[in-house]
Amino acid sequence: MALKKQYLKSKPVCKVTFRIPKKAAPYADQVHLVGDFNGWNTRSLPMQRLKNGAFKLVVDLTTGRDYAFRYLIDQKTWENDWEADSYIPSPFEGVNNSVVSLSSK
């Protein structure tokens, strides 16, 4: 997993590519990106399955803040990004959320 960030010069937006490798979800039929940026909606951001079995999605996010997120596999299993910028405790005891940090450029 890797977060790829592409900051836009024309506006305070960063195109963030979220990616979950096949080995993190080897039998997944679908993966959704869920986080602060979509109100933790478990269905609004389906990820695209790649030919190699990984899933990816590019999202435009406003810069200057951090966003907590997780991946939801087949609407039942939660997974963090293994290479997130950091991790913070979630409201659920014993669980952390991944964080993508978007400082202003």
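Above: the structure in question.
So, here's what we can say about the structure. (Residues numbered from 1 in each chain as written. Predicted model: local features only at pLDDT ≥ 70, side-chain atom pairs only at ≥ 80, totals over all residues. Heavy atoms only, no water.)

## Quick notes on the sheet that holds strand β4 (residues 48–49)
Thinking step 1. Read from one edge of the open sheet, four strands run β1-β2-β5-β4, paired in antiparallel fashion. Of all the strands in the sheet, just β1 (4–7) and β4 have a single pairing partner and so form its edges. (Pairing = 2+ DSSP bridges. Helix = DSSP H or I, 4+ residues; strand = E, 2+ residues; numbered from the N terminus.)

## Points about the packing of aromatic side chains
Any two aromatic rings considered together are summarised by their centre-to-centre distance and by the angle between their planes.
Thinking step 1. Here the structure, examined in full by the defined rule, presents four aromatic pairs.
Thinking step 2. Relative to Tyr67, the ring of Phe37 lies with its centre 6.0 Å away and its plane at 55°, an arrangement referred to as tilted. A residue pair is termed long-range when its members are at least 10 positions apart, and Phe37 in the loop between β3 (31–35) and β4 and Tyr67 in strand β6 (residues 65–73) qualify at 30 residues.
Thinking step 3. On the basis of relative accessible area, Tyr67 is assigned to the buried category, the value being 4%.
Thinking step 4. Consider the rings of Phe69 and Tyr71, whose centres lie 5.7 Å apart with planes at 80°: the pair is edge-to-face. The pair formed by Phe69 and Tyr71 is uniform in burial state, with each residue classed as buried.
Thinking step 5. Members of the aromatic cluster, joined through ring pairs, are Phe18, Phe37, Tyr67, Phe69 and Tyr71. (Phe/Tyr/Trp six-rings, centres within 6.5 Å; stacked < 30°, edge-to-face > 60°. Buried < 20%, exposed > 50% of the residue type's maximum accessible area, 1.4 Å probe, protein only.)

## Notes on the nonpolar core
Thinking step 1. Counting residues in hydrophobic clusters, the biggest one holds 23 residues, and the most contacted among them are Phe18, Ile20, Leu33, Met47, Leu61, Tyr71 and Val100.
Thinking step 2. Mapped onto this core, the elements with two or more residues apiece are β2 (13–20), β3, β5 (55–62), β6 and β9 (96–102).
Thinking step 3. Dropping the residues within four chain positions of it, Leu61 is found in contact with Pro12, Val13, Cys14, Val16, Phe18, Phe37, Tyr67, Val100 and Leu102. (Core = buried A, V, L, I, M, F, W, Y, C linked by side-chain atoms within 4.5 Å. Contact = heavy atoms within 4.5 Å.)

## Digging into the environment of Asp74
Thinking step 1. Among the secondary structure elements, Asp74 is positioned in the loop between β6 and β7 (77–79).
Thinking step 2. In this structure, the C-alpha to C-alpha distance between Asp74 and Phe92, residues 18 residues apart in sequence, is 20 Å.
Thinking step 3. Apart from the residues lying within four places of it in its own chain, the contact partners of Asp74 are Tyr27, Ala28, Asp29 and Gln30.

## Topic: the environment of Thr63
Thinking step 1. Residue position: Thr63 is located in the loop between β5 and β6.
Thinking step 2. Owing to a relative accessible area of 13%, Thr63 belongs among the buried residues under this scheme.
Thinking step 3. Remark: the alpha-carbon pair of Thr63 and Ser90, spanning 27 residues in sequence, is separated by 22 Å.

## As for the pattern of salt bridges
Thinking step 1. As enumerated under the stated definition, the model contains three salt bridges in all.
Thinking step 2. As a salt-bridge pair, Lys15 and Asp60 come within 3.0 Å of each other at their nearest N and O atoms. Of the two residues, Lys15 is situated in strand β2 and Asp60 in strand β5; the sequence distance between them amounts to 45 residues.
Thinking step 3. Judged by its relative accessible area of 31%, Lys15 is partly exposed.
Thinking step 4. Look at Asp60 and you get partly exposed, because its relative accessible area is 45%.
Thinking step 5. Residue Arg65 pairs with Asp36 through a salt bridge whose shortest N-O separation is 3.8 Å. Separated by 29 residues along the polypeptide, Arg65 in strand β6 and Asp36 in the loop between β3 and β4 bring together distant segments of the chain.
Thinking step 6. Residue Arg65 is classed as partly exposed on the basis of its relative accessible area, which comes to 38%. (Salt bridge = Lys/Arg side-chain N within 4 Å of Asp/Glu carboxyl O.)

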